Structure formats: C-alpha cells, structure tokens
Amino acid sequence: MSFFLRTLPETDFFSSLVVVTSAIWQTHGTQPHDALVRSSTGQNGDPGTVGLTGKTARESRNTRRNIYRSDLVFRVFGDFHNFSVGQDESKKERARAGRSCCEIKITYDDKEFPKGKFIGDSVQLSDHGRYDGIQRVFFGGGLRFWLHNLLLLDSLSYLSHGQLSLSLNRMILVDVDDIFVGEKGTRLRKDDVMALLATQQRIQALVPGFKFNLGFSGKYFHHGTAEENLGDDMLLENVDRFTWFSHMWNHQQPHNYENVTHLQLDMALNKQFAKDHGIPTGSGYSVSPHHSGVYPVHEGLYEAWKRVWNIKVTSTEEYPHLRPARLRRGFIHRNIMVLPRQTCGLFTHTIFIDRYPGGREKLDKSIQGGELFQTIVHNPINIFMTHMSNYGNDRLALYTFESVIKFIQCWTNLRLSSAPPLQLAERYFQLYPEESDPVWGNPCDDLRHQKIWSKNKTCDQLPRFLVIGPQKTGTTALYTFLSIHPAISSNLPSPDTFEEIQFFNGKNYYKGLDWYMSFFPASKNESSRYLFEKSATYFDGELVPRRAHALLPRAKLITILLSPARRAYSWYQHTRVHGDPVANNYSFHSVITASDTAPKPLRDLRNRCLNPGKYAQHLERWLSYYPPQQLHIIDGEQLRQNPVETLHELQRFLKITPAFNYSSHLRYDPKKGFFCQVTNEDRTKCLGKSKGRQYPPMEDKSYKLLQRYYLSHNTALVKLLKRLGLRTIPQWLKEDLTDTVMT
Ligand SMILES: Nc1ncnc2c1ncn2[C@@H]1O[C@H](COP(=O)(O)OS(=O)(=O)O)[C@@H](OP(=O)(O)O)[C@H]1O
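Remember, it's a predicted structure, so these values are computed and weren't measured experimentally.

Caption draft 1: Region of the structure containing the UniProt feature "active site" (unreviewed entry) in the protein. The UniProt record marks Lys472 with the feature "active site" (unreviewed entry), using the residue numbering of this structure. In this structure, Lys472 sits in the loop between strand E18 (465-469) and helix H12 (475-484). Within the structure, Lys472 has its side chain in polar contact with the side chain of His574 (distance 3.0 Å).

Here you go:
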C-alpha cells in the first residue's frame, strides 16, 4: 500500500491543500471503520448542541456553570460531482441548532470551483473516485486545527480500509504525587477530599475502572493546618476508594543515597507507615520524587525497591528525554517495568487558575483539542503526573481531567478505561514489546539527567574510542599495543571475557551503565586519558551501533579488516581450540558448505563463521549511526607487518598529542612470527599462544569457494572504501577479487 502526502501550491480555492491519495484502493463502497472523530450523525444526535459542563476553578467550589460550548465542524463526505462542504460554524446560530450548512454543486472536470464561498480553514472533502478511480480526501488549510488533525488520521484509516487505523482504546491513570507532602495552606481540606471523591465517581461513569492513584510520603502526615490535617484523615477514611503507591518516606531523591541500606531503611519507614494506617502496600508500583534514580538509573533505587516494596512498575518523564513528550518511551530494567509518564500542564505550584501560566484560556486550549487532548489521542496508555496541591485550592486537576474526558467523549469515539499500574504496564509492553530493551544514553548529555544522577558519577568514565573488531583480525594485538601508550588506557579486564567487556552486544547490556562504567576507573588526570575498549564481537552485532551511538555518540570507531576468507578460517581454528564440538566434528570445508537443510548447530556455526566477513554490510550499519569522520579502518595485513606505522596513523586519527613513538616499543619476534612488545629488560613480550597459532593452511578449494561467496560483499566493500575516500585499496582485497575473476 502506498500513500502520497503532498502539499500543493496555493490555489484560488484552497489556501493550502494536502492530498491523501490512495492509489491502491480504487474500489467504491469502502467498508465503514471505526473513526476517531464522532460524526455529526453520531448516536447522541447533534454534537452541535452538546455543551460541556465543567467546574470553573476558584469561585465555583459549589456552583457549576457551563464553561464550554462546542464549536461545530461538520465532516461531510460526498463526491466531486455533487458534494457537501463543511465549514467552521462556531458561534453561528444555525450551527448551534445543528443544521447542516451549505450544499454546493461542483463539477470536477472543468474545475468550476466556486471562489470565495468556502472558509478554507475548515474544508475537508472526500472524493469517492468516481471520476478517475482514485479515492482522495482533501484538506483545506488550517491543519493545525485539532479536529483536522484527527480527520487526517481518519482519512488514512478510511482510504486504507482500516489497515492504517489507530485503535480506539485509551487507558488513563492519574498519579497524585506528594500526598501529605505539601506546605501548610496548599494541602487538601475535607471538602477538597469530598470533591476528589465526587469527581472520581463522575469520571468512573465515563472511564471504567478509574481511581486516583495516590503517592504518599508518610513523614509529612498531619503536617498541615488543623483543617488540612482533617483532610489527611479523610483520605485515610476513604483509603479503599483510591489506589496507593509509595513516594519515599521523606520525599528525598534516591540518587542522593549512595548507600542502599539507607535507602532501604527510608523505604521501610514509609511501608511501616502504610501498614499502621491501613494503606495497601501491594500495588507493585512506585514513583520516585522528581524522577530521580529511575532514569538515569540509580541501581540502589531498583535494588531497594525490589527488596522493600517488591516493585514491578514505575514511570518517568525522563526516558529517553523530557522533550519532546511524544518520543517518551518505556523500558525494563532488572525486571522493573518503566512506563512513560505524561504531564497535564499542572505542576506543584500551579494551584490557582488566575496564576496559571498563560491564563485560563491556555489551560482550556490544552483541554479542548490542544496538548492534553492530543496526548490522550496519540497514546494508548497514559500515566499523568499531578500533585496533591493541584486538588486543593482551585482544584485545577479535577477541572482539567473531568473536562478533557468529557471533551473526548463529546468529539471522539475513543473508549477510555483505567486499570492499576501493573496491568497498564503489562498491556504497554504487549503493545510495544520492542521497548522492553533499554537504550542507555549518556547522562551528561542532558542537564536534567545530570541533576538526577549521583554526584559521585562522572562521564569521564566512558571510553573515547572503541575497537569494534571483527574477531580474528588482530584486535588483541592492537589492544595490547595501544595500552603501551602513556595517554591511552584500556578498560579493566572482565572475569568472564578477559580484555573484552562485550557490553553493547549480548546480555551484559542489561547490567546497566554503572556496570559498564565500573570497567573504567576514574583517574586523577582525566584530560590526558584516552579511555578505550575493544570487543571484537561489536563489529557485526545487529544492535551494537545503535546502542553504542546512544551512549557514545562522539566516540571514534576503529575496525580492522583482512581477507574475510582467511578471517573465517582463523575463526574456525580458534573455535576448535576452544572445544566447540561442532567445529571439532566437521572440517572447515563442511562448515562453510553446510546447506540450509543441515543440522541447526552446523548452520549456526556456519553463520557465525561467515557473517562477520560481510564487511560492507556491517560497516553500513555503523555508518547509519556514526559519521564517516569518526570511523578509522585499519588494514589487518598492515597491522601485522608494520604495526609501528599503523599505530602512528591511528594516533593521528585520534588526534592524540604528543605523539608517542612506537618504534622502540615494538619489535619483530622471528620465533613468534609477529611483532611483539619490547619490555624494560629489552626482551620481547608476545601475545599468548592463542594468538598467531600454527595450523595447516586452508585448502585451496575452500579458499576459492569463499572468494566466490564474498565476491558481492568484497565488491561492495571496494565501493564503500572509495566513498569513504580511502586512497589505497588493501592488497588482500585486490587479490581476493582478482583471483575470483580469474577462476
Ligand atoms: N602481533 C601479533 N601477534 C599475534 N597475533 C597477531 C598479531 N598481529 C596480528 N595478529 C593476528 O591476530 C589474530 C587474532 O585476532 P584477534 O586478536 O582479533 O582474535 S580475537 O577475536 O580477539 O580472538 C591472529 O590470528 P591467528 O593467526 O589465526 O591466531 C593473528 O593472525
């Protein structure tokens, strides 16, 4: 299916026009599909007469008045030979009376558009395609108008026969943070709690399962005025009518606790408070003050949450960043599901309508088709952040949520519902399973993140360059030689994978950023230190470039390439020596010629052996994240034969000054057959016997076969290297290609 969205140049008729054309769906009599926008002939009759009622803020604690009368926009579908046009009839008497507006005849082929008769801002036309067989929906200007926005989505659904449709189900949870926390004079009184309950009941009629979700900090219970303390009591008297979650005992930010035990002790106090006051403790949900510790992750918080509260779900506005809100996502860390959190425009200090930033008009705009309304339209699952103070005073949160819910009911066919956080989270990750995987970013790249990250942590503990492999190209030799450099430091060794951390591929990634950074101990002389790590499996890892780029966007990348055929053979020998039973049962030739019907272990081994050698393909993946200027390609043969020059070039690429002269630090060792490090005692220290081992040469038939196998990949590599401006094509690459042509 293909859709073409384009803006046409200005015409007399439409100030600007977006045409949605379905070239595929050319039939008539389309199936009706669930539309977002409630049509003017909806089940409630005429929406033009539906006025929303809501609570005005301050002065209306006990009076209700009509605060909103719907603007009316007709959506009329016809065809170009005889169609109706809808126009924005707001404030016009006939619109309020619900009468349809003008009926205009128009003919399509001779372009007789009746000039000046339309209000371009509100025209939507559907061409059923009777003229040329192509269905279209035309939009007049004013696409920023909220209803047009929805109609565009409906049009896509309509033209695609429902295949490009949004589900109509929306789930809403409203968190009320800071229960018991507020300053005297800003907290809930008894009548506020009554209003909270009454509003909740009204919302429940429209949103099944809805309950305000109260986040409490027990330390501040009864810290208000006498009247407000009665409000606290009343919340507890109605404890079962709400859902509850822990918001830290003393409202402290968890990232400020370096010691997990202290964090646990504080959490335990809040739990004890809950037990003493009959507050349920089993929701499995918690939110930390100011999102601290959730993202960027403070491991201590996750640890203590699990131990004290058995937390399974939390939420934050900070992942991956606060803005833009529409890009907020969820992730799972240590089995705790982190959901994206939304704002409704109310913050702790927004408590009076006359002091609402931008005034009441701004709030109403957000509710009536603006930001808040759109948030619900575009997010299947919404967790809104509010604070206790928003429910006292002018009760702006009550007004906001009741109004937006009614507005949604009036203008859309969305089906609203609510559920406890655990259910929401399960639903969320069913809808977006790909989000389970976290993507760790650099906390120092976002000021807000830095503020809610432990002061003891530093971004200097991250590598400035990565040696990405592939395996068996001489990466260990390069790693060892780089470590001789006085200004370069490698990572600490890993107990499992030795000199390689293998963070960005495989399971280690789920251990989190703290785990990764623990391999790069902070040094006193940060500025002169070039931290790096090498993990040869990064090169061909599907997810690695994306993950590496998210954390280290400015890092430089070093890769070593040599004949993919020879690399595959070296890898096979390495795997045999490491006791792989399949490699030991099958000859190299059997492995590389294994067919797709071969036993799975053999096919897996074949793939692991051959895939990394498809260099161009893997490099393109890296280059889709990193600019070419950050990539340095080393010829593996040159590294082997002339490591000194190779390292001098590399230093220039890394812009490391002063340059370190390797010539007196590396020497050819005839016994080993490779260059080795020169020790202080003027001896050579070579890599262990696992590197540069002796094995029989590759059979000619295998080499020839691999040359053919890699022909297209090597050809693509030549093109890529030229595109990257490499002046000389490596000799091994020329040979691989030439020999293939000759055979
Ligand atoms: N100076 C020096 N000393 C020893 N070995 C050297 C050196 N330079 C390059 N090589 C080649 O490096 C091959 C091993 O590559 P890696 O270190 O990348 O292997 S690994 O992926 O880390 O296992 C290794 O492959 P094999 O010969 O198959 O063992 C060597 O050919």
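Caption draft 2: Representation of the state of the cysteines within the structure. Across all of its chains, the model carries two disulfides by this definition. Disulfide pairing places Cys444 opposite Cys459 at an S-S distance of 1.6 Å. As the torsion about the S-S bond is roughly 80°, the Cys444-Cys459 disulfide counts as right-handed. Of the two residues, Cys444 is situated in the loop between helix H10 (421-431) and helix H11 (447-451) and Cys459 in the loop between H11 and E18; the sequence distance between them amounts to 15 residues. In this structure Cys459 comes out as buried when scored by relative accessible area, which is 17%. Residue Cys676 pairs covalently with Cys686 via a disulfide, S to S 2.0 Å. Every disulfide takes its handedness from the sign of the S-S torsion; for Cys676 and Cys686 that torsion is 100°, giving right-handed. Of this pair, Cys676 sits in strand E24 (residues 674-678) while Cys686 sits in the loop between strand E25 (684-685) and helix H22 (700-709), and the two are 10 residues apart along the sequence. By relative accessible area, which is 25% here, Cys686 ends up partly exposed.

Caption draft 3: Looking closely at the pairing of strand E10 (residues 213-216). Side-chain alternation along E10 places Asn213 and Gly215 on one buried face and Leu214 and Phe216 on a second face that is also buried. Pairing of strand E9 (residues 169-179) with E10, which is carried by three bridges, proceeds in the parallel orientation. Considered in E10, the bridge of Asp175 is made with Asn213. In this view, the connection linking E9 to its parallel neighbour E10 by way of helix H3 (residues 190-206) has right-handed handedness. As paired strands, E10 and strand E11 (residues 243-246) are joined by four bridges and run parallel to one another. If you follow Asn213 over to E11, its bridge partner there is Thr243. As a crossover connection, the stretch from E10 through helix H4 (residues 226-237) into E11 is right-handed.

Caption draft 4: Region of the structure containing the pattern of salt bridges. Within the structure shown, the criterion is met by 26 salt bridges. Of the charged contacts, one joins Lys534 and Glu499 as a salt bridge, the two residues approaching to 3.2 Å between their closest N and O atoms. Of this pair, Lys534 sits in strand E20 (residues 530-534) while Glu499 sits in the loop between strand E19 (488-490) and helix H13 (513-517); the two residues are 35 residues apart in sequence, bridging distant segments of the chain. Residue Lys534 is classed as buried on the basis of its relative accessible area of 1%.

Caption draft 5: Molecular detail of H4. For H4, which comprises 12 residues, the first-to-last C-alpha distance of 17 Å matches the rise-based estimate of 16 Å (1.5 Å per residue) to within 8%. On its buried side, H4 packs onto E9, H3, E10 and E11.

Caption draft 6: How the structure looks around the environment of Leu398. Here Leu398 is to be found in helix H9 (residues 396-411). Counting along the chain gives 70 residues from Leu398 to Arg328, while the straight-line C-alpha distance between them is 25 Å. Apart from the residues lying within four places of it in its own chain, the contact partners of Leu398 are Ala195, Leu196, Thr199, Phe212 and Tyr391.

Caption draft 7: Quick look at the pairing of strand E12 (residues 313-316). Side-chain alternation along E12 places Val313 and Ser315 on one buried face and Thr314 and Thr316 on a second face that is also buried. Pairing of E12 with strand E14 (residues 336-340), which is carried by four bridges, proceeds in the parallel orientation. From the neighbouring strand, Thr314 faces E14, where its bridge partner is Val338.

Caption draft 8: Just the sheet that holds E24, in detail. With respect to topology, three strands assemble into an open sheet ordered E23-E24-E25, the strand pairing being antiparallel. The open sheet terminates on both sides in strands that have one partner only, identified here as strand E23 (666-669) and E25. With four bridges connecting them, E23 and E24 associate as antiparallel partners. When the bridges of E24 are listed, Arg667 appears paired with Cys676. Packing of H12 onto the sheet brings it into contact with E23 and E24, and relative to E24 it is tilted by some 25°.

Caption draft 9: Structural view of H12. The element H12 is extensively covered by neighbouring structure, given that eight of its 10 residues are classed as buried. Buried within H12 we find Thr475, Thr476, Ala477, Leu478, Tyr479, Phe481, Leu482 and Ile484.

Caption draft 10: Expanded view of the side chain of Asp580. Structurally, Asp580 can be placed in the loop between helix H15 (564-577) and helix H16 (581-585). One buried charged side chain, Asp580, makes no salt bridge at all; its nearest oppositely charged neighbour is Arg608, positioned 4.2 Å away. Within polar-contact distance, the side chain of Asp580 engages the backbone nitrogen of Val582 at 2.9 Å. With residues near it in sequence (within four places) discarded, Asp580 still touches Thr575, Leu605 and Arg608.

Caption draft 11: Structural detail: unusual backbone geometry. In this chain, Tyr295 is followed by Pro296 through a cis amide linkage whose omega measures -5°. The omega torsion of the bond from Gly469 to Pro470 falls at 0°, within 30 degrees of zero and hence cis. Not every positive phi belongs to a glycine, and Asn335 is a case in point at roughly 65°. Position of Asn335 among the secondary structure elements: in the loop between strand E13 (331-333) and E14. With phi around 70°, Lys472 is a residue other than glycine that occupies positive phi space.

Caption draft 12: Fine view of the packing of aromatic side chains. Tallied over the entire structure, the rule returns 42 aromatic pairs. Judged by centre distance (4.9 Å) and plane angle (65°), the ring pair of Tyr569 and Phe588 falls under edge-to-face. Of this pair, Tyr569 sits in helix H15 while Phe588 sits in helix H17 (residues 588-592), and the two are 19 residues apart along the sequence. Residue classification places Tyr569 among the buried residues on the basis of a relative accessible area of 9%. Phe588 sits in the buried class, given a relative accessible area of 5%.

Conventions used here
- Residues numbered from 1 in each chain as written.
- Predicted model: local features only at pLDDT ≥ 70, side-chain atom pairs only at ≥ 80, totals over all residues.
- Heavy atoms only, no water.
- UniProt positions renumbered as here; feature names shortened; annotations may be inferred.
- Helix = DSSP H or I, 4+ residues; strand = E, 2+ residues; numbered from the N terminus.
- Polar contact = N/O pair within 3.5 Å; in protein donor to acceptor, adjacent residues only side chain to side chain.
- Disulfide = S-S within 2.5 Å.
- Buried < 20%, exposed > 50% of the residue type's maximum accessible area, 1.4 Å probe, protein only.
- Pairing = 2+ DSSP bridges.
- Right-handed = clockwise from strand over helix to strand, strands pointing away.
- Salt bridge = Lys/Arg side-chain N within 4 Å of Asp/Glu carboxyl O.
- Expected span 1.5 Å × (residues − 1).
- Contact = heavy atoms within 4.5 Å.
- Axes fitted to C-alpha atoms, helices over the stretch in contact; angles between N-to-C directions.
- Lys, Arg positive; Asp, Glu negative; His and termini not counted.
- Phe/Tyr/Trp six-rings, centres within 6.5 Å; stacked < 30°, edge-to-face > 60°.

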